[in-house]
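# Examining the three-dimensional arrangement
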Amino acid sequence: KKHGYFEAKVDDSVLVRHRKAEVIYRVSPGRPYRLRKIEFSTRDTVLEPLMNTVTANTLLKSGNNYDENVFEKERDRITGMLKNRGFYSFSKNYITYRVDSSVGEHQVDLFVYLNRLNENAITTQGVFPEYHRPYRFRNIYIQSDFDPKNPSPTLVRDTLLYNDLS
């Protein structure tokens, strides 16, 4: 089923000879379901302007077989892309899929949704959906005489090495 064979059938039979059993399986996978329409959406107004970027390099293509492994890779791709744009707290768990297999002809429509923070939280504590916020660098300081291979033990260190500069 993870690969789109929703109508697969498996039959088995057991042959017993001389206190040994042999099991024979007959697998009829049937026709795989294929992606017909893929639609991306979000209610997060901060992510909304990035939706064209999110969909530009999608791994999900119309006509491809339904494949949950590709869905997982797509979640990883979107998460990495958003983290590279400063959304460090974004997780692949914020990406949900809805599949509609009622369109016929062994096809499915796939709806990819980017959730807001707490959007699916079930609570009576007054937790409301929030928009994702990107992190930004405010100031960048370069200490030119700092040697990362021999740092002073009295300095507070929170450095990032970039092109042999810290």
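To start, this report covers the structure provided alongside it.

Criteria and cut-off values
- Residues numbered from 1 in each chain as written.
- Predicted model: local features only at pLDDT ≥ 70, side-chain atom pairs only at ≥ 80, totals over all residues.
- Heavy atoms only, no water.
- Phe/Tyr/Trp six-rings, centres within 6.5 Å; stacked < 30°, edge-to-face > 60°.
- Lys NZ or Arg CZ within 6 Å of the ring centre and 35° of its normal.
- Helix = DSSP H or I, 4+ residues; strand = E, 2+ residues; numbered from the N terminus.
- Expected span 1.5 Å × (residues − 1).
- Buried < 20%, exposed > 50% of the residue type's maximum accessible area, 1.4 Å probe, protein only.
- Arc of directions from axis to C-beta.
- Contact = heavy atoms within 4.5 Å.
- Polar contact = N/O pair within 3.5 Å; in protein donor to acceptor, adjacent residues only side chain to side chain.
- Pairing = 2+ DSSP bridges.
- Axes fitted to C-alpha atoms, helices over the stretch in contact; angles between N-to-C directions.
- Core = buried A, V, L, I, M, F, W, Y, C linked by side-chain atoms within 4.5 Å.

Right, let's get into the packing of aromatic side chains. Using the criterion set out here, one finds six aromatic pairs in the structure. Between Phe90 and Tyr94, the ring centres sit 5.4 Å apart and the planes meet at 45 degrees, which makes this aromatic pair tilted. Put simply, the rings of Phe6, Tyr33, Tyr66, Phe71 and Tyr97 pair up and form one aromatic cluster. Here the basic side chain of Arg98 rests over the ring of Phe111, its NZ or CZ set 4.3 Å away from the ring centre.

Our next topic: helix H2 (residues 68-84). Compared with an ideal rise of 1.5 Å per residue, which puts 17 residues at 24 Å, H2 spans 24 Å between its outermost C-alpha atoms and is within 8% of the ideal. Taken together, the buried positions of H2 are Phe71, Glu74, Arg75, Ile78, Thr79, Met81 and Leu82. For H2, the angular spread of buried residues about the axis comes to 165 degrees, placing them on one side. Within H2, the exposed residues directed more than 90 degrees away from the buried face are Lys73 and Asn84. The elements touched by buried residues of H2 are strand S3 (34-42), helix H1 (51-56), strand S4 (95-100) and strand S5 (107-114). A side-chain oxygen of the first residue of H2 lies 2.9 Å from the backbone nitrogen of Asn69; this N-cap is Asp67. The first or second residue beyond H2 is Gly86, which carries a positive phi of 100 degrees.

What follows deals with the sheet that holds S3. Sheet strands line up and pair through hydrogen bonds in the backbone, either parallel or antiparallel. Taken in spatial order, the three strands make up an open sheet running S3-S5-S4, and their pairing is mixed. Taken across any chain shown, the strands that pair with only one partner, and hence form the sheet edges, are S3 and S4. Taking each pair of neighbouring strands and ignoring which way they run, the sheet shows an average axis angle of 20 degrees. Strands in contact with H2 are S3, S4 and S5; relative to S4, the strand with the most contacts, it is inclined by about 145 degrees.

Moving on to the nonpolar core. Membership of the largest hydrophobic core comes to 20 residues, with the highest contact counts inside it found for Leu82 and Leu114. Counting only elements with at least two residues in this core, the list comes to S3, H1, H2 and S5. Setting aside its immediate chain neighbours within four residues, Leu82 contacts Leu47, Leu50, Phe87, Phe90 and Leu114.

Everything listed is a geometric property; what it means functionally is a separate question.
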